[in-house]
Amino acid sequence: MPIYEYRCTGCGKEFEVIQKPTDGPDGIACPSCGKAKPEKLLSSCCGTSPNKAEGATGDSSCGTRRFS
Ligand SMILES: [Zn+2]
């Protein structure tokens, strides 16, 4: 299951939660202060993949151009 990052709307603490993609913040509580329904952040997974994809696309397009 993917990891999602949340930020507590009460104390501002950021924490990671492993949950199903279909689950929302409803059942999640801040581990620091216990406040429910934290704010959802972009996961670290989504944050890093665009950069990697960009590099990979550049390499493959060069290769494709050469081959075609
Ligand atoms: Zn909190």
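Check the entry above for the structure.
Residues numbered from 1 in each chain as written. Predicted model: local features only at pLDDT ≥ 70, side-chain atom pairs only at ≥ 80, totals over all residues.

**Some details on the overall build of the protein**
Cut-off, in case you're wondering: What counts as a helix is a DSSP run of H or I of at least four residues, what counts as a strand is a run of E of at least two, and both are numbered from the N terminus. Neighbour density around each residue's C-beta defines its exposure: 20 or more other C-beta atoms within 10 Å make it buried, 12 or fewer make it exposed, and counts between make it partly exposed, where C-beta atoms are placed from the backbone.
For the protein, the count of helices and strands is 1 helix and 3 strands. Helices (α) and strands (β) of the protein occur, in sequence order from the N terminus, as β-β-β-α. For the protein, the residues scored as buried account for 7% of the 68 residues in total.

**Here we look at the environment of Glu-39**
Our working rule: We call two residues in contact if the C-beta atoms placed from their backbones are at most 7 Å apart.
Among the structural elements, Glu-39 can be located in strand S3 (residues 39-41). Non-local contacts of Glu-39, meaning those with residues more than four positions away in its chain, are made with Tyr-6, Arg-7 and Thr-9.

**Here we look at unusual backbone geometry**
Even without being glycine, Lys-37 reaches a positive phi, approximately 50°. By the secondary structure assignment, Lys-37 is in the loop between strand S2 (14-18) and S3.

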